[in-house]
Amino acid sequence: MFCYQCEQTVGGTGCTKLGACGKNEDIQSLQDILLFGLKGIAAYAYHARELGAKDEQVDGFMHEALFKTVTNVSFDLNDHIQMVLRCGEMNLKVMELLDKAHTSRFGNPVPTEVDTGTKKGPGILVTGHDLADLYELLRQTEGTGVYVYTHNEMLPAHGYPELKKFKHLAGNYGGAWQEQKKEFSAFAGPIVATTNCVLIPLQDTYLNRLYTIGVTGISGATHLKNRDFSEVIEKAKSLPPLPETSGKKIMTGFHHTAILGLADKIIAAVKAGKIRRFFLIGGCDGAKPGRNYYTEFAERVPKDCVILTLACGKYRFNKLDFGTIDGIPRLLDIGQCNNAYSAIQVALALAKAFNCGVNELPLSFVLSWFEQKAVAILLTLLHLGIKAIRIGPTPPAFISPGVFKVLQDNFDLKLITTPDKDLEAILGK
Ligand code: SF4
Ligand code: SF4
């Protein structure tokens, strides 16, 4: 454990074995899980608020949960476990709030093919998650001859009717966030970072054409105010044009409303034994070795199984050809990390159709985590009682062995091993 939040911290530097207050590593771990889950909720609540949506219950919970972590408030283990599960419940509420805010403003996403090449002419690359920023950028660039490209978690934007209607929303460029230093250097135009994950550019690369907005900030980059993109548009026109390049076409836009539109086909295919199992392989990508697990796992999923995916972990495999089962694509990109709400709606609808619980469905969760929104989503899945979730590539450092055991005992939470071993454990030999 490590805690240095109050004056009595051991040696004036930090309590590392046991708190001077009596707090032990399990309570500390649960308080950290709670704080990180709250950060995830804050991100989604911020986006929802930007679109005019808020929820008093979520806001009230955030105050209560933060208060819970103040020195000498609570040393009760069960109380903390209930609090982190409530954090998951509140995250579900806020993801629903954000989903409703997105769909009421931009329409229900529809399956959409997206080009990954570039068109000859000036272009702006937009990264992050904020669809309101993207909408304004598209509106202000309309008719200027400047193309707009999505990067990373902006990919699902192509599926929303009110965003895809802009003909100059030209395509998706690059891969997941950890590749951005290389990819942004190679992109000739300006780059707008709306949320995480944005990195500090290497010296003498693209800092002079990097723009931040909202909560993002990089020293030396221009910070945009009031969603005024005029400076970025002028910059795009002044820089060398992008070349015409061809890229693979990828699909996105399988929001729950789109997948449930295929429900009859999907249910018939499951009943006919043509779809054996669904795998949700999703979450964050990252730079550490070991994440090839997710590419290999997706590649080895048998051909009679469907893969649901979301967030930036999909860049590990979303350019591979998975084919179809009775016209149903074997790879369904549900959207951004916050669209975990959609994945949950699909799971609940399938459970209803098959008259069983989510844990009885032929559905396995294989998740990759990196930052704190992923923590909030994991807590949501645990709050819903979903069992046997596999997480990786490494165990979260802030989960103590004692807390991990509680999660294993109650939720059968597992760490990933190898694709072959995990597939065998799920499907049998
Ligand atoms: S709250 Fe407890 S564990 Fe944290 S610094 Fe203070 S005494 Fe140490
Ligand atoms: S899914 Fe997570 S890691 Fe990926 S861009 Fe979004 S916040 Fe970053």
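A quick note: this is a predicted structure, and the numbers were derived from the prediction, not measured.

Chemist: Just to check I follow, could you spell out the sheet that holds strand β2 (residues 123-127) for this structure?
Modeler: Strand-to-strand pairing in sheets goes through backbone hydrogen bonds, with the strands running parallel or antiparallel. Spatially, six strands are ordered β4-β3-β2-β5-β6-β7 in an open sheet, and the strand pairing comes out parallel. A strand with exactly one partner marks an edge of an open sheet, and here the two such strands are β4 (169-172) and β7 (222-224). Averaged over all pairs of adjacent strands, the angle between their axes in this sheet comes to 30°, without regard to strand direction. Strand direction decides the pairing type here: strand β6 (residues 210-213) and β7, joined by three bridges, are parallel. Paired with Thr212 across the bridge in β7 is His223. The strands that helix α4 (residues 131-141) touches are β2, β3 (147-150), β4 and β6; relative to β3, the one it contacts most, it runs at about 160°. Packed onto the sheet, helix α7 (residues 230-238) meets β2, β5 (191-193), β6 and β7 and runs at close to 130° relative to β2.

Chemist: Whenever I open this one, the site of ligand 2 confuses me. Can you help?
Modeler: In the neighbourhood of ligand 2, 13 residues make up the surrounding shell, with His129, Asn152, Cys197, Cys284 and Cys312 lying closest. Here the residues of the shell around ligand 2 sort into six nonpolar, three polar and four charged.

Chemist: I keep staring at the pattern of salt bridges and nothing clicks. Help me out?
Modeler: Working definition: two side chains of opposite charge can pair if their charged atoms are close together. Within the structure shown, the criterion is met by 22 salt bridges. Between Lys68 and Asp79 there is a salt bridge whose closest N-O contact spans 2.6 Å. Here Asp79 lies in helix α3 (residues 77-106) and Lys68 lies in helix α2 (residues 56-68), a separation of eleven residues in the sequence. Using a relative accessible area of 14% as the deciding quantity, one classes Lys68 as buried. On the basis of relative accessible area, Asp79 is assigned to the partly exposed category, the value being 30%. One salt bridge connects Lys414 with Asp412, and the closest N-O pair in it is separated by 3.1 Å. Exposure remark for Asp412: the relative accessible area of 33% places this residue in the partly exposed category. Among the charged side chains, a salt-bridge network with shared partners connects Glu50, Asp130, Asp133 and Arg227.

Chemist: What am I meant to see in unusual backbone geometry here?
Modeler: Keep in mind that most residues, glycine aside, have a negative phi and that most peptide bonds are trans. In this structure, the amide linkage connecting Asn196 to the following residue, Cys197, adopts the cis form with an omega of 10°. Along the polypeptide, Cys197 turns up in the loop between β5 and β6. For the bond from Gly392 to Pro393, the omega torsion is 5°, close enough to zero to count as cis. Relative to the helices and strands, Pro393 resides in the loop between β15 (390-392) and α13 (401-411). Even without being a glycine, Arg227 presents a positive backbone phi close to 50°. Following the sequence through the fold, Arg227 ends up in the loop between β7 and α7. One non-glycine residue with positive phi stands out, namely Asn355, at about 55°. Position of Asn355 relative to the elements: it lies in the loop between α11 (340-353) and β14 (363-368).

Chemist: Is there a simple way to think about the packing of aromatic side chains in this case?
Modeler: One pair of aromatic rings is described through two measures. These are the centre distance and the angle between the planes. Going through the model one piece at a time under the given rule, you end up with 14 aromatic pairs. Plain terms: the ring middles of Phe317 and Phe322 are 6.3 Å apart, the flat faces sit at 85° to each other, and that makes the pair edge-to-face. What makes Phe317 buried here is its relative accessible area of 1%. On the accessibility criterion, Phe322 (11% relative accessible area) is buried. Pairwise contacts between aromatic rings join Phe106, Tyr135, Tyr160 and Phe166 into one cluster.

Chemist: Which parts of the structure should I look at to understand the site of ligand 1?
Modeler: Near ligand 1, the surroundings consist of Cys3, Tyr4, Gln5, Cys6, Gln8, Thr9, Cys15, Gly19, Ala20, Cys21, Lys23 and Thr71. Taken together, the residues that form the shell around ligand 1 break down as six nonpolar, five polar and one charged.

Chemist: Explanation requested: the sheet that holds strand β10 (residues 305-310) in the structure shown.
Modeler: Within the open sheet, the six strands sit side by side as β13-β10-β9-β14-β15-β16. Their pairing is parallel. Whereas interior strands pair on both sides, the edge strands pair on one side only; in this sheet they are β13 (331-335) and β16 (414-415). Across the sheet, helix α14 (residues 419-427) lies against β9 (277-283), β14 and β15, angled at about 140° from β9, the strand it touches most.

Chemist: What is the right way to read the packing of helix α1 (residues 25-50) against α2 from this model?
Modeler: Two packed helices can be described by the angle between their axes and the distance between those axes. Relative orientation of the contacting elements α1 and α2 amounts to 155°, with a least axis distance of 10 Å. Judged by the angle between their axes, α1 and α2 are roughly antiparallel. Between α1 and α2 lies a crossing whose hand is left-handed. Judged by residue contacts, Gln31, Leu34, Leu35, Leu38, Ile41, Ala42 and Arg49 of α1 engage Val58, Asp59, Phe61, Met62, Ala65, Leu66 and Lys68 from α2. The residue inventory of the contact of α1 with α2, partitioned by class, reads ten nonpolar, one polar and three charged.

About the criteria used
Residues numbered from 1 in each chain as written. Chains lettered and ligands numbered in written order. Predicted model: local features only at pLDDT ≥ 70, side-chain atom pairs only at ≥ 80, totals over all residues. Heavy atoms only, no water. Pairing = 2+ DSSP bridges. Helix = DSSP H or I, 4+ residues; strand = E, 2+ residues; numbered from the N terminus. Axes fitted to C-alpha atoms, helices over the stretch in contact; angles between N-to-C directions. Contact = heavy atoms within 4.5 Å. Near = heavy atom within 4 Å. Nonpolar A, V, L, I, M, F, W, Y, C, P; charged D, E, K, R; others polar. Salt bridge = Lys/Arg side-chain N within 4 Å of Asp/Glu carboxyl O. Buried < 20%, exposed > 50% of the residue type's maximum accessible area, 1.4 Å probe, protein only. Phe/Tyr/Trp six-rings, centres within 6.5 Å; stacked < 30°, edge-to-face > 60°. Parallel < 35°, antiparallel > 145°, perpendicular 65-115°, else oblique. Left-handed = near helix turned anticlockwise from the far one by under 90°.

Scope: geometric values only; no functional claims are made or implied.
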